[in-house]
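What follows is the residue order along each chain.
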Amino acid sequence: MSAMQYIAITLLGIGVALANLSEHTINVKEDSSKANNVQLGFLAVFASCFTSGFAGVYFEFVLKTTEQSVHCRNFQLALWSCIFAIIHIFSKHTPQV
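How each quantity is defined
Residues numbered from 1 in each chain as written. Predicted model: local features only at pLDDT ≥ 70, side-chain atom pairs only at ≥ 80, totals over all residues. Heavy atoms only, no water. Phe/Tyr/Trp six-rings, centres within 6.5 Å; stacked < 30°, edge-to-face > 60°. Patch = residues over 30% accessible without salt bridge, like charges linked within 9 Å, V, L, I, M, F, W, Y side chains within 5 Å. Areas by Shrake-Rupley, 256 points an atom, 1.4 Å probe, with all protein chains shown as cover. Salt bridge = Lys/Arg side-chain N within 4 Å of Asp/Glu carboxyl O. Helix = DSSP H or I, 4+ residues; strand = E, 2+ residues; numbered from the N terminus. Buried < 20%, exposed > 50% of the residue type's maximum accessible area, 1.4 Å probe, protein only. Contact = heavy atoms within 4.5 Å. Lys, Arg positive; Asp, Glu negative; His and termini not counted.

Novice: Could you give an account of the packing of aromatic side chains, naming the residues involved and the relevant values?
Specialist: Tallied over the full model, the rule gives 3 aromatic pairs. An aromatic cluster of at least three residues, connected via ring pairs, comprises Phe54, Tyr58 and Phe61.

Novice: Outline a nonpolar patch on the surface, listing residues and values.
Specialist: Taken together, the side chains of Phe75, Leu79, Trp80, Ile83, Phe84 and Ile87 make up a nonpolar region of the molecular surface, amounting to roughly 670 Å² of accessible area. Tracing the backbone through its elements, the reader meets tryptophan 80 in helix H3 (residues 70–92).

Novice: Break down the environment of leucine 63 for me, with residues and values.
Specialist: Note that leucine 63 resides in helix H2 (residues 32–65). A residue is classified by how much of its surface remains accessible, and leucine 63, at 25% relative accessible area, is partly exposed. For the pair leucine 63 and arginine 73, spaced 10 residues apart in the sequence, the C-alpha separation amounts to 7.6 Å. Not counting residues up to four positions away in its chain, the partners in contact with leucine 63 are Val70 and Arg73.

Novice: Mind laying out the side chain of arginine 73, listing which residues take part and the relevant values?
Specialist: Inspection of the secondary structure assignment puts arginine 73 in helix H3. Nearest to the buried, unbridged arginine 73 among oppositely charged side chains is glutamate 67, at 9.7 Å. Among residues more than four places away in sequence, those in contact with arginine 73 are Phe59, Val62, Leu63, Thr66 and Gln68.

Novice: Lay out the pattern of salt bridges with the relevant residues and their values.
Specialist: Inspection of the entire model under this criterion finds 1 salt bridge. A salt bridge links glutamate 60 to lysine 64; the nearest nitrogen and oxygen atoms lie 2.9 Å apart. Taken together, the positions of glutamate 60 and lysine 64, both in helix H2 and 4 residues apart, correspond to about one turn of that helix. Assessed through its relative accessible area of 44%, glutamate 60 is described here as partly exposed.

Structure representation (structure tokens):
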């Protein structure tokens with residue numbers, strides 16, 4: 001990507017964030033606990049976008065640097081998700097299982 005494209009995507013992200021943040025600031029001026037939740041939510045969305053982008057770039061890197069097929073790599077990554085899901089189910093919902 002060129003420098004102009006990086007600048008454009010950065011400005012777009014900042015504009016969307018400011019528009020959403022100013023909308024929530026007007027609604028929660030009377031209650032500061034809600035303002036903290038908005039900031040926490042904004043931080044969570046930022047972290048989610050960052051980790052999602054990192055995962056996509058990493059997956060493409062793995063695909064390009066190995067000889068295994070896409071299907072095999074998808075299965076390997078999905079296996080980790082299943083393991084974490086099973087751990088969560090048994091740690092939080094044991095009586096129901």
